[in-house]
Amino acid sequence: MKRAIRSIIDRTPAHLLKEIVLIDDHSTNEDLKGEFDEYISVINKLHPGLVKKVTHSEQLGLTQARISGWKASTGDVVAVLDAHIEVHVEWAEPVLSRIKADPTVVVTPVFDRVNFDNLEVIHYNEASHAFDWALWCMYESFQPEWYKLNDKSMPGKSPSVMGIFIADRKFFGEIGVLDGGMKIYGGENVELGLRVWMCGGSIEVVPCSKIAHIERAHKPYLPDLSITMKRNALRVAEVWMDDYKKNILIAWNLPYKDHGIDIGDVSDRKKLREKLKCKPFKWYIENVYPQLDPWDDVVGYGALKNTVKDNVCVDQGPVPGTVPIAYGCHYYGPQYTYFRKSGQLYIGGIKSHKYNNNRCLVDPGSGTTPGLYECNVAKEKGMSFLWNFKQVIL
């Protein structure tokens, strides 16, 4: 934390830095008390009023902490940063320049990773910030137009943000800041990305701005982040994804009806979307993130059970390997099954992006066992990989 504060002060021109707002989300870490408060006092003696501290009376989670920071800030532009970062020299000027040119653009720097155990810096190349249908974050190539410019200093359009971003404070407030109904951790960045794009703004990665992000040994919120991630993803889908919200259920292998997960009250967020006259999600997937596979022809998902021997399912078997097996039903990843209108049957998962290949259940044409091959490979080799499906209601 001290390194983050010191780097911001030392590497941001004084006339561009109005304040640093720290949020204590009811931390029990003794390192953030006593001596740390004295450190802040010393800084404020040298730079009166520069560092502010907001303390929560109970732990509210990442999203609420960031909302508190926005409320406490007074600058024209807000930079929402993690505590475990260090900014590079001239990190601020490029992002502020973009926001001055267009206050509706939300920008994010390029991150370098810093190993937590030895502080070795791993340099990352510029890339857009994206996600899969479970809403887990990932890096994605920029659109082809960016590479045609042959100028790595130019900002690149991005479908989402990873969590660190800079925005015009007024615009950020007008579009609803962050969804306060998010729990603990996960999905809030994708929700922001969808809302910005669909409601009149845009997101850019600015290569000339760099921040070093210190990798954590573990996330401090929960032992299993998938619990809140799943819940938050469903909340995002309900508000923003229209008919595509079923894809979140598919990605998390949840039942199409009555998944039983409480996503909280979303009525205010739906009213916000209506008030802002936001575009449909179909527009987003066609114009902003066309790499996503829309999954509009997935007609069945779950597990493929044996009807002769009870509690036996088709399983992808050993990986690497190309022979599926019959195994006791446990209904986890290796047994996830998906059937598309085309007749393709996937075992062991489905890819979120068009550029990735799924593994099809095939008849190799020889031997006595079926196989699992990438669908394009199966097609090239003339394997039988299209299955007939007839629904029987028992």
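In case you missed it, the structure is sitting above this.
Since the model is a prediction, treat every value here as computed from it, not as a measurement.

### A look at the overall build of the chain
The helix and strand tally for the chain stands at 12 helices and 18 strands. Its C-alpha atoms put the chain at 80 × 50 × 50 Å along the principal axes. Counting all 394 residues of the chain, 45% fall into the buried class. Relative to all contacts within the chain whose residues are 6 or more apart in sequence, the contacts with residues 24 or more apart total 69%. By element, 53% of the accessible surface of the chain is carried by carbon and sulfur atoms, the whole surface being about 20700 Å². Placing the 48 positive and 49 negative side-chain charges of the chain at their respective mean positions leaves the two points 4 Å apart.

### Some thoughts on the environment of leucine 372
Mapping leucine 372 onto the fold places it in strand S18 (residues 371-374). The exposure class of leucine 372 is buried, given its relative accessible area of 1%. Taking C-alpha positions, leucine 372 is 8.0 Å from glycine 321, a pair spaced 51 residues apart along the chain. Sequence-distant contacts of leucine 372, that is, excluding residues within four places in its chain, are made with Gln316, Thr322, Pro324, Ile347, Arg359, Cys360 and Leu361.

### Regarding the pattern of salt bridges
Applying the stated rule across the entire model yields 22 salt bridges. Across the salt bridge formed by aspartate 179 and arginine 269, the nearest N and O atoms sit 3.9 Å from each other. In this pair, aspartate 179 sits in the loop between helix H6 (169-174) and helix H7 (188-198) while arginine 269 sits in helix H10 (residues 267-276), placing the two residues 90 residues apart along the sequence. By relative accessible area, which is 11% here, arginine 269 ends up buried. Arginine 340 is the salt-bridge partner of aspartate 293, the closest N and O atoms lying 3.2 Å from each other.

### Things to note about unusual backbone geometry
Following valine 319, the chain continues into proline 320 via a peptide bond in cis, with omega recorded as 5°. Position of proline 320 among the secondary structure elements: in the loop between strand S13 (312-315) and strand S14 (325-328). The residue isoleucine 184 is not glycine, and still its phi comes out positive at about 55°. One can find isoleucine 184 in the loop between H6 and H7. The exposure class of isoleucine 184 is partly exposed, given its relative accessible area of 27%. Of note, tyrosine 331 is a non-glycine position whose phi angle comes to about 65°, a positive value. Structurally, tyrosine 331 is set in the loop between S14 and strand S15 (337-340). Look at tyrosine 331 and you get partly exposed, because its relative accessible area is 39%.

Definitions and limits used
Residues numbered from 1 in each chain as written. Predicted model: local features only at pLDDT ≥ 70, side-chain atom pairs only at ≥ 80, totals over all residues. Heavy atoms only, no water. Helix = DSSP H or I, 4+ residues; strand = E, 2+ residues; numbered from the N terminus. Buried < 20%, exposed > 50% of the residue type's maximum accessible area, 1.4 Å probe, protein only. Contact = heavy atoms within 4.5 Å. Areas by Shrake-Rupley, 256 points an atom, 1.4 Å probe, with all protein chains shown as cover. Lys, Arg positive; Asp, Glu negative; His and termini not counted. Charge placed at Lys NZ, Arg CZ, Asp CG, Glu CD. Salt bridge = Lys/Arg side-chain N within 4 Å of Asp/Glu carboxyl O.

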